[in-house]
Amino acid sequence: ILIDGNKYRKQYLYQPAEVIQNSVRKKRNVLTLNVGVEKNVKGEMGVLSSKGILGFTRDVTQHYSTVISLMNTDLKLPVKPLNDSCNGILFWDKNDEINTVSVKGIPNYFKIAKGDTIVTQGGAGFFPPGEMVGVVSSIQNETGNNNLLLKVITSVDFYAVNHVFVVKNIYKNEIDSLQEIIDK
């Protein structure tokens, strides 16, 4: 696409899907979607709804896929406050309630307030930057360092999730291969 003499490329494709199963009472909650390989779904693709992010695909069959939910102790995702440049890591602590996640790693000299919006950083390649995660409900200091520990109420109500989109980052393989070179 050419806009004002600048070339822009489409980076993300969205595949509609329906949630056919959703666990919320386990340590490792998982959703099941009614799309799979037949609809070009693969493992490690982001999943979001019109309200915000839900997680990313894990196992995929011909017609179905499972999603590691934000409410899963195995999930870690780079996030940031909407109006700031600092980054943190989203995770779900087994003591967190459903529809609440934690964010750690943001230095305490950043001015984070209750009610601030948390969004995806975009660096992991699962989601475009700026996708809604939720709103800060409490702020504490992390034990043993100078970072903040945020509790965030998710924008998605995991008790009532139905229609979602699986996100395909067209350039994810390129990002991953570059990261492998850097990590050597």
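Quick look at the structure, then. Just so it is clear, the model here is predicted, and its values are computed rather than measured.

Regarding unusual backbone geometry
As a rule of thumb, non-glycine residues mostly have phi less than zero, and peptide bonds are mostly trans rather than cis.
Right, so step 1: The phi dihedral of Glu44 is positive, around 65 degrees, even though this residue is not glycine.
Right, so step 2: Within the secondary structure layout, Glu44 lies in the loop between β4 (28-33) and β5 (46-48).
Right, so step 3: You can call Glu44 partly exposed: its relative accessible area is 44%.
Right, so step 4: The phi dihedral of Asn99 falls on the positive side, at around 70 degrees, and the residue is not glycine.
Right, so step 5: By secondary structure assignment, the location of Asn99 is in the loop between β9 (88-91) and β10 (100-107).

Quick notes on the packing of aromatic side chains
Right, so step 1: According to the stated counting rule, one finds 2 aromatic pairs in the structure shown.
Right, so step 2: We note Lys104 situated over the ring of Phe91; from NZ or CZ to the ring centre the distance is 5.2 Å.

Quick look at the environment of Ser50
Right, so step 1: The residue Ser50 is located in the loop between β5 and β6 (53-60) in this model.
Right, so step 2: Distance from Ser50 to Ala17, taken between C-alpha atoms, is 12 Å for residues 33 residues apart in sequence.

Things to note about the pattern of salt bridges
Opposite charge on two side chains permits them to pair, given that their charged atoms come into close proximity.
Right, so step 1: A complete count under the given rule lists 3 salt bridges for this structure.
Right, so step 2: Arg28 is the partner of Asp74 in a salt bridge, and the nearest nitrogen-oxygen pair spans 2.9 Å. Separated by 46 residues along the polypeptide, Asp74 in the loop between β7 (65-72) and β8 (76-81) and Arg28 in strand β4 bring together distant segments of the chain.
Right, so step 3: Assessed through its relative accessible area of 43%, Arg28 is described here as partly exposed.
Right, so step 4: Among the ionic pairs, Asp59 bridges to Arg58, the shortest N-O distance being 3.2 Å.

Section: the pairing of strand β12 (residues 132-141)
Right, so step 1: Sheet analysis places strand β11 (residues 117-120) next to β12, joined by 3 bridges and oriented antiparallel. Among the inter-strand pairings, Val119 is bridged to a residue of β12, identified as Met132.
Right, so step 2: Alignment of β12 against strand β13 (residues 147-154), held across 7 bridges, turns out to be antiparallel. Counted as the bridge partner of Val135 is Ile153 from β13.

What counts, and where the lines are drawn
Residues numbered from 1 in each chain as written. Predicted model: local features only at pLDDT ≥ 70, side-chain atom pairs only at ≥ 80, totals over all residues. Heavy atoms only, no water. Helix = DSSP H or I, 4+ residues; strand = E, 2+ residues; numbered from the N terminus. Buried < 20%, exposed > 50% of the residue type's maximum accessible area, 1.4 Å probe, protein only. Phe/Tyr/Trp six-rings, centres within 6.5 Å; stacked < 30°, edge-to-face > 60°. Lys NZ or Arg CZ within 6 Å of the ring centre and 35° of its normal. Salt bridge = Lys/Arg side-chain N within 4 Å of Asp/Glu carboxyl O. Pairing = 2+ DSSP bridges.

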